[in-house]
Amino acid sequence: MAEFFHLSTAERLEALDFAADTSGRLPHLLEKDIWVVWSLRHLFSGPYADHLVFKGGTSLSKAYGVIRRFSEDVDLTYDIRSIAGDLVGHAHAPLPTSKSQEKKWSKEIRARLLGWVGTEIVPRLKRDLEQHALPAFVRAEGDKVFIDYAPLATGTGYVAPAVMLEFGARSTGEPSEPRVISCDAAAYLHGVEFPTATSQVMRAERTFWEKATAIHVFCAQGEFRGGDRFARHWHDVTRLDAAGFADAAIADKALARAVAEHKSVFFAEKDTQGDVIDYHVAVAGGLRLVPDDGALAKLAADYQQMVDDGLFLDDAEPFDALLGLCRAIQQKANGK
């Protein structure tokens, strides 16, 4: 069986086109997915694998098969107990006890994370790419690492030919479990060997609360600080609900409180009035998943961009229908 990256450029493009024609998916998305899985294989076969947890929307797509959209970037947690064991000590919940301590921890952890990315992640990635003569190069921007590959196929430009590895190190990533990760194209091309990975993955119940509280902050602020491509969170929580993970997360009060406590300490935010957003209220009956009119227009525009570039693997529901689903989840989470 031929390995995908051992094929010639023409053969790789032919393979992508065949998988695209057979699956109905766009070739540039299938191609990026291959690089995402290759990146995960590299990370979780390296010396730091025991301290990493794969999380976020891409984990829902690749590890759990919950969401039916293309998710392009890789979010990872480096266990705070490993990178900052001297700060954390033996506390059951590795959280600072004051705002001044949080600032000290965050500053020190970020410095260590940047050093680790620069001395471990980037050089090892470069060696791996060079050793296998792969058409890509690595660059770092702070704690983000980009694998820029030479694309065989292109889309509208909404999806860049680069895999972003975004590292954080202020949590344990728990609860998590090992999951097997495969390339989407592999189901349609049995004569070609694609990368696979076994990754430690944040459980979907925690990811629900991570995303739901991020949406809650957007509703309180009217904007998303992470830039564009934020409509994915609304889509993801509806798919988590359809798969039963939202119900499980809502029923797990301890998990909800743990996420609220962690975000209150490390990700404190204020609303448009300057008041601190209370995550504990959000997970205990005050969750907001539907924004007001001004923010609604921003959300609708970002959602349409996702639709236009084919990021949804099935026909996407109308925006109003998506909001209806989110409103129902909001009512359920709030016990109404």
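The protein chain is annotated in an unreviewed UniProt entry as Nucleotidyl transferase AbiEii/AbiGii toxin family protein from Candidatus Accumulibacter proximus.

For the protein chain, the count of helices and strands is 13 helices and nine strands. Relative to its length of 336 residues, the protein chain is compact, with a C-alpha radius of gyration of 20 Å against a globular reference of 20 Å. Overall, the protein chain is about 55 × 50 × 30 Å in size when its C-alpha atoms are taken along their principal axes. Within the protein chain, the proportion of its 336 residues that are buried is 51%. Taking as baseline every contact in the protein chain between residues at least 6 positions apart, the subset at least 24 positions apart corresponds to 71%. Looking at the protein chain as shown, the accessible area adds up to about 15,000 Å², and 50% of this sits on carbon and sulfur atoms. Charged side chains of the protein chain number 38 positive and 48 negative; the gap between the two group centres comes to 6 Å.

A few words now on the packing of helix α12 (residues 293-308) against helix α13 (residues 319-333). With their axes 11 Å apart at the nearest point, α12 and α13 run at an angle of 120 degrees to one another. For the pair α12 and α13, the sense of crossing is right-handed. Here L296, L299, A300 and Y303 of α12 come into contact with α13, specifically with F319, L322 and L323. Considered class by class, the residues forming the contact of α12 with α13 number seven nonpolar, no polar and no charged.

Glancing now at the packing of aromatic side chains. If you walk through the whole model with that rule in mind, you get 14 aromatic pairs. Look at Y78 and W116: their rings are 4.4 Å apart centre to centre, the planes differ by 70 degrees, and that puts the pair in the edge-to-face class. Separated by 38 residues along the polypeptide, Y78 in strand β3 (residues 74-78) and W116 in helix α6 (residues 99-131) bring together distant segments of the chain. W116 carries the same exposure label as Y78, and that label is buried. Seen from their ring centres, Y303 and F319 are 5.7 Å apart, and the 50 degrees between their planes marks the pair as tilted. Residue Y303 is located in helix α12, and its partner F319 is located in helix α13; the two are separated by 16 residues in the primary sequence. Residue F319 is classed as buried on the basis of its relative accessible area, which comes to 15%. Three or more aromatic residues joined by ring pairs form one cluster here, namely F4, F5, W35, W38, Y149 and F194. The ring of F146 has R139 lying over it, and the distance from NZ or CZ to the ring centre is 4.2 Å.

Another aspect to go through is the side chain of T58. For T58, the location among the structural elements is in helix α3 (residues 57-62). If we ignore the near neighbours within four places in the chain, the residues touching T58 are V36, A63, S71, E72 and D73.

Generally speaking, nonpolar side chains in soluble globular proteins are found buried as a group. By size, the foremost hydrophobic cluster in this structure holds 107 residues, and its most contacted members are W35, L165, F167, F208 and W209. Contacts of W209, omitting those with residues within four sequence positions, involve A249, I250, L255, A256, V259, V283 and L287.

Taking 1.5 Å per residue as the helical rise, helix α1 (residues 9-23) with its 15 residues ought to reach 21 Å, and the 21 Å between its terminal C-alpha atoms agrees with that figure. When we look at burial in α1, the residues that qualify are R12, A15, L16, A19 and A20. Projected down its long axis, α1 shows its buried positions confined to an angular sector of 130 degrees, all on one face. Counted as exposed and oriented over 90 degrees from the buried face of α1: A10, E14 and D21. Elements that come into contact with the buried residues of α1 comprise α2 (27-43). Once α1 ends, the next one or two residues include G24, with phi positive near 80 degrees.

Thresholds applied
- Residues numbered from 1 in each chain as written.
- Predicted model: local features only at pLDDT ≥ 70, side-chain atom pairs only at ≥ 80, totals over all residues.
- Heavy atoms only, no water.
- Helix = DSSP H or I, 4+ residues; strand = E, 2+ residues; numbered from the N terminus.
- Rg over C-alpha atoms; globule rule 2.2 N^0.38 Å.
- Buried < 20%, exposed > 50% of the residue type's maximum accessible area, 1.4 Å probe, protein only.
- Contact = heavy atoms within 4.5 Å.
- Areas by Shrake-Rupley, 256 points an atom, 1.4 Å probe, with all protein chains shown as cover.
- Lys, Arg positive; Asp, Glu negative; His and termini not counted.
- Charge placed at Lys NZ, Arg CZ, Asp CG, Glu CD.
- Axes fitted to C-alpha atoms, helices over the stretch in contact; angles between N-to-C directions.
- Left-handed = near helix turned anticlockwise from the far one by under 90°.
- Nonpolar A, V, L, I, M, F, W, Y, C, P; charged D, E, K, R; others polar.
- Phe/Tyr/Trp six-rings, centres within 6.5 Å; stacked < 30°, edge-to-face > 60°.
- Lys NZ or Arg CZ within 6 Å of the ring centre and 35° of its normal.
- Core = buried A, V, L, I, M, F, W, Y, C linked by side-chain atoms within 4.5 Å.
- Expected span 1.5 Å × (residues − 1).
- Arc of directions from axis to C-beta.

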